Amino acid sequence: MAKLVLAGKANCPYYAKAELLADYLQTNLPDFRVHKITQHPDKWEQWLHDICEMNGWDHRQSPIIWRELLDRGGKGLLLGGIDDFLEYAEHYYGITSMMLSEEMLGIAEENVKAHIEIEKEEEEIRSHIKPLQIWITSASVPICYQLIPLLANGEVFGMTTEISIHLLDTDKFKEVLCGIVMEAEDMAFPLLRSISEHTELDEAFIQADIVIVLDDVLLNHEVQSLENDIREVSEICQAYAPLIEKNAKRGVRVISSGRTFVNLKAMMIMTYGPSIKPENVIAVATSWESAAKAMLAKKLNMNAAGVKDVIVWGNITGCNYIDLSHAKLCGYNCAVWSPATFPHPLLNKIYDSEWIHSEFLSAQSSLSSRVCHSMGMLPAHAVANVLKYWYHGSPPGEIVSVGILTKGQFRIPEGIVFSMPVRFQNGNWEVMTELEINEMTQEVLGRLAHELIQEKLIALKEIKEMHPYGADKITSKNMCQDGNLA
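Report on the accompanying structure. Fair warning: this is a prediction, and the values are worked out from it, not measured in the lab.

### Some remarks on the sheet that holds strand β15 (residues 343–345)
Stage number 1. In space, the three strands of this open sheet follow the order β11-β14-β15, with antiparallel pairing throughout. In the strand order of this sheet, the two ends are held by β11 (307–308) and β15, each with one partner.
Stage number 2. Relative to strand β14 (residues 328–330), β11 is paired through two bridges, and the arrangement is antiparallel. For lysine 308, the partnering residue across the bridge sits in β14 and is lysine 328.

### Overview of a negative patch on the surface
Stage number 1. A cluster of like negative charges, contributed by Asp83, Asp84, Glu87 and Glu90, occupies part of the molecular surface.
Stage number 2. Looking at the secondary structure, you find glutamate 87 in helix α3 (residues 82–93).

### Side note on the nonpolar core
Stage number 1. Grouped together as the largest cluster of nonpolar side chains are 61 residues, with contacts concentrated most on Ile136, Leu151, Leu167, Ile212, Trp313, Phe418 and Phe424.
Stage number 2. With eight residues, helix α13 (residues 377–392) is the single largest residue contributor to this core.
Stage number 3. Contact partners of leucine 151, with chain neighbours within four places excluded, come to Ile134, Ile136, Val156, Phe157, Ile163, Ile165, Ile212 and Leu387.
Stage number 4. Core analysis: the second largest hydrophobic core is formed by 38 residues, Cys237, Tyr240, Ala241 and Val252 among them.

### Some words on the pattern of salt bridges
Stage number 1. A complete count under the given rule lists 14 salt bridges for this structure.
Stage number 2. Residues lysine 36 and glutamate 19 are paired through a salt bridge, measuring 3.5 Å at the closest nitrogen-oxygen approach. In this pair, lysine 36 sits in strand β2 (residues 32–39) while glutamate 19 sits in helix α1 (residues 13–28), placing the two residues 17 residues apart along the sequence.
Stage number 3. A relative accessible area of 33% means that lysine 36 is categorised as partly exposed.
Stage number 4. Judged by its relative accessible area of 13%, glutamate 19 is buried.
Stage number 5. When salt bridges with common partners are traced through the structure, they connect Glu19, Asp23 and Lys36 into a single cluster.

### Notes on the packing of helix α8 (residues 262–272) against helix α14 (residues 439–459)
Stage number 1. As a packed pair, α8 and α14 sit with axes 11 Å apart at the nearest point and diverge in direction by 50°. In terms of orientation, α8 lies oblique with respect to α14. Between α8 and α14 lies a crossing of right-handed hand. Taken together, the residues of α14 that come into contact with α8 (itself represented by Asn263, Leu264, Met267, Met268 and Tyr272) are Leu452, Glu455, Lys456 and Ala459.
Stage number 2. Split by residue class, the contact of α8 with α14 holds six nonpolar, one polar and two charged.

Parameters and conventions
- Residues numbered from 1 in each chain as written.
- Predicted model: local features only at pLDDT ≥ 70, side-chain atom pairs only at ≥ 80, totals over all residues.
- Heavy atoms only, no water.
- Pairing = 2+ DSSP bridges.
- Helix = DSSP H or I, 4+ residues; strand = E, 2+ residues; numbered from the N terminus.
- Patch = residues over 30% accessible without salt bridge, like charges linked within 9 Å, V, L, I, M, F, W, Y side chains within 5 Å.
- Areas by Shrake-Rupley, 256 points an atom, 1.4 Å probe, with all protein chains shown as cover.
- Salt bridge = Lys/Arg side-chain N within 4 Å of Asp/Glu carboxyl O.
- Lys, Arg positive; Asp, Glu negative; His and termini not counted.
- Charge placed at Lys NZ, Arg CZ, Asp CG, Glu CD.
- Core = buried A, V, L, I, M, F, W, Y, C linked by side-chain atoms within 4.5 Å.
- Buried < 20%, exposed > 50% of the residue type's maximum accessible area, 1.4 Å probe, protein only.
- Contact = heavy atoms within 4.5 Å.
- Axes fitted to C-alpha atoms, helices over the stretch in contact; angles between N-to-C directions.
- Parallel < 35°, antiparallel > 145°, perpendicular 65-115°, else oblique.
- Left-handed = near helix turned anticlockwise from the far one by under 90°.
- Nonpolar A, V, L, I, M, F, W, Y, C, P; charged D, E, K, R; others polar.

This is the structure:
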């Protein structure tokens, strides 16, 4: 079977002549096929240069005609231009074209009109495909800079979903935002419909599908108490939440991330925005999950991708507990052979139990320091992964830790945002309540909940200062907010 590709400028009379001859051959010869490519005159030179460079051809005029080698694969065989095609048709099929110049010019004019109409139709279709509207607060921070390429490259929302990104920050960071916008535009992401900067809070979250809250407070307890830091976070959320209710879409999804008070931000958004669906507000814990997996993989001399089901409980950027009781290893090289996907219980493979109870737990202070002082790459990937799971589902059977509003799961008090194990599927998440936890973990969860309840009460001005949870201390305390282990 002969398949020819015929490409040319829409207004080229020689392309019109070749097109008419190719149509005649396709109509009258059962084994002849032609594929036509019409380019706008303004785009023709660049398109021709690219196609010739890709195939190693030398051709400078319209049309260009090549034969596709269907039976042998590989690149096409260049025939050349109009004269070469006429010679080919006469030599192989005994057919030539007697088209007059006036006819050629008439068809060329029709081709231009048809091409412009097709372009208008395609543009109209694209205009009806509304991009996802993504708003990012405190957008001058490094996390946002690292996050934009991850959102725009198609891996998070899919290769057919366009997005519009709106960067929100205060007026003093306007120049930074403008720089980010220009750089993102210069990268020409095919799925990034638009990116813009905003410094007027009243105009925030217009038609938002997704709001990513990255606001942090500067923790310096020599200058300001922890309680005042909490009140500052509450005031930020008190400004955002009513605007999200007023301006965003009804099903808006809100993600809380950053280095400080991640749980509290999610909690206050729900408190001050009661019409925002609680199931649509989550706090990201996967930064700590990833860092813990990397630490374990280094101990076991394996790829971190093979460490699964590490659970982060509690206050993500405060006191949290990294639970290894359900953790598994896939692709672990041990004495007993097994398929790469076969899961080995992690605790059975770390024979040095003292390392778990001493070094791993004490290393969580440095772990928290690494997460809290990262340059943005780690938390940006954490946000991107959670969004990808939310829209497309998490890996089957795997545990993901996120902060969600409690409803009594695992006997945790209701009404706080607490990190716990979930799975994502069909655009929603559900808590993995089927997981069993031991009494020691249950006691730890109660202590972790106490801190979050205290933060909530201070934010709501129901108490003035934090009250300690008895005299005991949590062994696995991860104090990102003051940098000290209890």
